[in-house]
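# Topology and contacts: notes
For reference, the chains in residue letters:
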Amino acid sequence: MRVVIVTGASSGIGRATAARIGRAGTTVVLAARRADELETNAASIRSAGGEALVVPTDVRDPAAITALVAQAREVTGRIDGLVNNAGVGGVASILADDELVAKLIEVNLMAPIRLMRAVVPLMTEQRSGAIVNIGSVAGEIGISGTYSATKFALRGMTDSVRRELIGTGIGVTLIEPGFIATDLTSNRRGLPGPEIVAAAVERALSRPRRRIVVPLKYRPAITLANTLPALTDRIFAGRAASRREVKGRP
Ligand SMILES: NC(=O)c1ccc[n+]([C@@H]2O[C@H](COP(=O)([O-])OP(=O)(O)OC[C@H]3O[C@@H](n4cnc5c(N)ncnc54)[C@H](OP(=O)(O)O)[C@@H]3O)[C@@H](O)[C@H]2O)c1
């Protein structure tokens, strides 16, 4: 029985991922704050023949992270996968205040770091495991203020952890979605659904990769930003740092 933790499993990409990987032979450990949504998602996994464990968790709380990993470990004694997906967005402008900035850093950066720190000793002992971090195209192109800052940092952290763990049997993958239809992007129309990211996570859990951009069409924009930054400045001039409201629940 494989055990995989998915944070942010109450909605969007996390819910789709949990549904996709939750099947006979895998116990999905669903973590987020909204227990009712987690229970509903767990029930549909079980009714499709899978195994699911609900652990209501605020990933900003280090004690809650310790408890989440301990409960996941109780299932079989192993933790085979960790999907660091919980995230909040918005706060694009430099004028966003400390409270908002700190919240993004806690959820999008500190939580994945703490969760990796909590599972790596066990995965090292097992000599196997897969960590999948959900970054963003905004972690390649600086266009969303503190959100971009957290996703750039998560990219650096993911590269570093992957290199630190080479030879241990632990694979570390960064998945960078473009715009995907979820609560985070409720003001946009015509976006692909979260299932395309869930499919990429599923593949990365069994065949870890350095970096996966979904959909692929965002790759040229990333290459452009890296090779022609002055042009990228012009394209995003005045658009990058709008003073949008925080997306995601407070
Ligand atoms: N949608 C996009 O276009 C897009 C693009 C690039 C990257 N991403 C990334 O994809 C990931 C998932 O986002 P989504 O688009 O699926 O948005 P979403 O539907 O709003 O999901 C966000 C998830 O994060 C959880 N979360 C937020 N704060 C939390 C906290 N303090 N503790 C525990 N869980 C918390 C939420 O659960 P609760 O509220 O129940 O706690 C929810 O399950 C994020 O990392 C996001 O940055 C999304």
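What this report covers is the structure whose coordinates are included nearby. (Residues numbered from 1 in each chain as written. Predicted model: local features only at pLDDT ≥ 70, side-chain atom pairs only at ≥ 80, totals over all residues. Heavy atoms only, no water.)

Take the overall build of the protein next. Scanning the protein from N- to C-terminus turns up 8 helices and 7 strands. Taken over the C-alpha trace, the protein has a radius of gyration of 17 Å; the compact-globule value for 250 residues is 18 Å, and the two agree within 12%. Along the three orthogonal principal directions, the C-alpha set of the protein runs to about 55 × 40 × 35 Å. Taking the contacts inside the protein whose residues are at least 6 apart along the sequence as the reference set, 68% of them involve residues at least 24 apart. Carbon and sulfur atoms provide 54% of the accessible area of the protein, an area that totals close to 11700 Å². Each charge class in the protein can be summarised by its mean position, and for the 33 positive and 22 negative side chains these summaries are 8 Å apart. (Helix = DSSP H or I, 4+ residues; strand = E, 2+ residues; numbered from the N terminus. Rg over C-alpha atoms; globule rule 2.2 N^0.38 Å. Contact = heavy atoms within 4.5 Å. Areas by Shrake-Rupley, 256 points an atom, 1.4 Å probe, with all protein chains shown as cover. Lys, Arg positive; Asp, Glu negative; His and termini not counted. Charge placed at Lys NZ, Arg CZ, Asp CG, Glu CD.)

Here we take up the environment of leucine 191. Position of leucine 191 among the secondary structure elements: in the loop between strand E6 (170-177) and helix H6 (195-206). With 10 residues separating them along the chain, leucine 191 and alanine 181 place their C-alpha atoms 5.2 Å apart.

Moving on: the site of the ligand. Surrounding the ligand, one finds 32 residues, the nearest of these being Ser10, Arg33, Arg34, Tyr147 and Thr182. Aspartate 58 places a polar side-chain atom, nitrogen or oxygen, 2.9 Å from a nitrogen atom of the ligand. If the ligand stood free it would expose 880 Å²; the protein chains cover 98% of that surface. Secondary structure elements with two or more residues in the shell around the ligand: helix H1 (12-21) and helix H5 (145-164). Each residue belonging to the shell around the ligand can be placed in one class, and the counts come to 13 nonpolar, 12 polar and 7 charged. (Near = heavy atom within 4 Å. Polar contact = N/O pair within 3.5 Å; in protein donor to acceptor, adjacent residues only side chain to side chain. Nonpolar A, V, L, I, M, F, W, Y, C, P; charged D, E, K, R; others polar.)

Most of strand E2 (residues 26-32) sits inside the fold, with 7 of its 7 residues counted as buried. Handedness of the crossover joining strand E1 (residues 2-7) and E2 through H1: right-handed. With 6 bridges connecting them, E2 and strand E3 (residues 51-56) associate as parallel partners. Considered in E3, the bridge of valine 29 is made with leucine 53. (Buried < 20%, exposed > 50% of the residue type's maximum accessible area, 1.4 Å probe, protein only. Right-handed = clockwise from strand over helix to strand, strands pointing away. Pairing = 2+ DSSP bridges.)

Along the chain, valine 214 connects to proline 215 via a cis peptide bond; the corresponding omega equals -10°. Counting through the fold element by element, proline 215 comes out in the loop between strand E7 (211-214) and helix H7 (219-227). We note that arginine 127 has phi near 60°; this positive angle belongs to a residue other than glycine.

A few words now on the packing of aromatic side chains. Scanning the model with the defined rule gives 0 aromatic pairs in all. Above the face of the phenylalanine 152 ring, arginine 155 is positioned so that its terminal group lies 5.1 Å from the ring centre. Positioned above the aromatic ring of phenylalanine 179, the side-chain terminus of arginine 188 is 3.7 Å from the ring centre. (Phe/Tyr/Trp six-rings, centres within 6.5 Å; stacked < 30°, edge-to-face > 60°. Lys NZ or Arg CZ within 6 Å of the ring centre and 35° of its normal.)

Counting buried positions along E1 gives 5 out of 6 residues, so the element sits mostly inside the fold. Relative to strand E4 (residues 81-84), E1 runs parallel, the two sharing 3 bridges. Bridge assignment links valine 4 to a residue of E4, and that residue is glycine 81.

Let us look at the side chain of arginine 114. Tracing the backbone through its elements, the reader meets arginine 114 in helix H4 (residues 98-126). Not counting the four nearest positions on each side in its chain, arginine 114 is found in contact with Arg60, Pro62, Ile65 and Glu106.

Structurally, the position occupied by threonine 232 is in helix H8 (residues 229-236). The exposure class assigned to threonine 232 is buried, which follows from its relative accessible area of 10%. Here threonine 232 is in contact with Ile141, Leu224 and Ala225, once residues within four sequence places are set aside.

Because each turn of an α-helix spans 3.6 residues, side chains separated by three or four positions end up pointing in the same direction. For helix H3 (residues 62-76), the set of buried residues is Ala64, Ile65, Leu68, Val69 and Ala72. Buried residues along H3 cover an arc of 135° about the axis, so they all sit on one side. For H3, the exposed residues set more than 90 degrees away from the buried face come down to Ala63, Thr66 and Glu74. Where H3 is buried, its residues meet E1, E2, E3 and H4. At the N-terminal boundary of H3, the capping side chain belongs to aspartate 61, with an oxygen 3.0 Å from the backbone nitrogen of alanine 63. One or two steps after H3, the chain reaches glycine 77, where phi turns positive at roughly 90°. (Arc of directions from axis to C-beta.)

These values are about where atoms sit, not about what they do.
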